[in-house]
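If you want the building blocks of each chain, they are given just below.
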2 protein chains.
Amino acid sequence: MDDGMYVSVSRLRVEIHQVDRLIDAFRARAGLVDAFPGFMGLEVWRSERSPGEVLMVSRWRARADFTAYMKSDAHQLSHDRIPADLQDAIRLERLDHVTGYDVMAR
Amino acid sequence: MDDGMYVSVSRLRVEIHQVDRLIDAFRARAGLVDAFPGFMGLEVWRSERSPGEVLMVSRWRARADFTAYMKSDAHQLSHDRIPADLQDAIRLERLDHVTGYDVMAR
């Protein structure tokens, strides 16, 4: 049991042919988040039922670590690196929908 | 990168005063799932925005391991152990909504 662990889920929807590019961009990421205080991991989940729906699931020691990262230069730089046409493909389909969760038990 | 990892998310909604009971029941679980082939972990996430919404997130080596568990006596026994009034509280609010995800990258 890790008390206070926090998970942030960003739900993206892209055209199915863009999913591989999204995952490639994720794999080639600068990795700035990986060194951020409180960061505990990031995963990409693809919905089985709806293959254009992709969740970015990040895990943090506490909510405050996540909000500090969201305000950081590291976060801004990471997003600036996403290719413009891929950014546009995400925007056209649906805005990011972000939901936070407290991990209550494991 | 763990190829083929599979995540199942069950979304439950209960009255806020039942959330602690749900988490207690989870912590006191028989643990039959923990020994099941391919099982890699189970977490309870509570929505920050909607505190009566609780996700049960289970992680599997592959989808086939999850479906084998769902058909097993171990799964049936685990559910039979949930106190009847808690089962009713979950049912009254909303049926389980289960979504599967393939972990594409980590």
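Trainee: I'd love a proper account of the relation of the copies chain A and chain B, names of residues and values included.
Mentor: The two copies are related by a screw motion: chain A maps onto chain B through a turn of 180° and a shift of 0.0 Å along the axis, at an RMSD of 0.0 Å. Taken together, the rotation angle and the small translation identify this as a two-fold axis. Of all interface residues in chain A, 100% are interface residues in chain B too; the two copies therefore contact each other through one and the same surface.

Trainee: Now, about the interface of chain A and chain B: what can you tell me, with residues and values included?
Mentor: Contacts between chain A and chain B engage 21 residues on the former and 21 residues on the latter. Those elements giving two or more residues to the side of chain A that touches chain B turn out to be helix H1 (19-27), strand E2 (39-47) and strand E4 (97-105) of chain A. Looking at the side of chain A that touches chain B element by element, the count peaks at 7 residues for E4(A). Its residues placed into classes, the side of chain A that touches chain B shows 10 nonpolar, 4 polar and 7 charged. Across 4 bridges, E2(A) lies against strand E4 (residues 97-105) of chain B in antiparallel orientation. Bridging across to E4(B), A:Val44 finds its partner in B:Ala105.

Trainee: So what's going on with the nonpolar core? Residues and values would help.
Mentor: A:Trp45 and B:Trp45 are the most contacted members of the largest nonpolar core, which totals 32 residues. Beyond its immediate stretch of four places on either side in the chain, A:Trp45 contacts A:Leu55, A:Val57, B:Val7, B:Tyr101, B:Asp102, B:Val103 and B:Met104.

What counts as what
- Residues numbered from 1 in each chain as written.
- Chains lettered and ligands numbered in written order.
- Predicted model: local features only at pLDDT ≥ 70, side-chain atom pairs only at ≥ 80, totals over all residues.
- Least-squares fit on C-alpha atoms with pLDDT ≥ 70 in both.
- Contact = placed C-beta atoms within 7 Å.
- Helix = DSSP H or I, 4+ residues; strand = E, 2+ residues; numbered from the N terminus.
- Nonpolar A, V, L, I, M, F, W, Y, C, P; charged D, E, K, R; others polar.
- Pairing = 2+ DSSP bridges.
- Core = buried A, V, L, I, M, F, W, Y, C linked by C-beta atoms within 7 Å.
- Buried ≥ 20, exposed ≤ 12 C-beta atoms within 10 Å, placed from the backbone.

None of this, on its own, says anything about what the molecule does.
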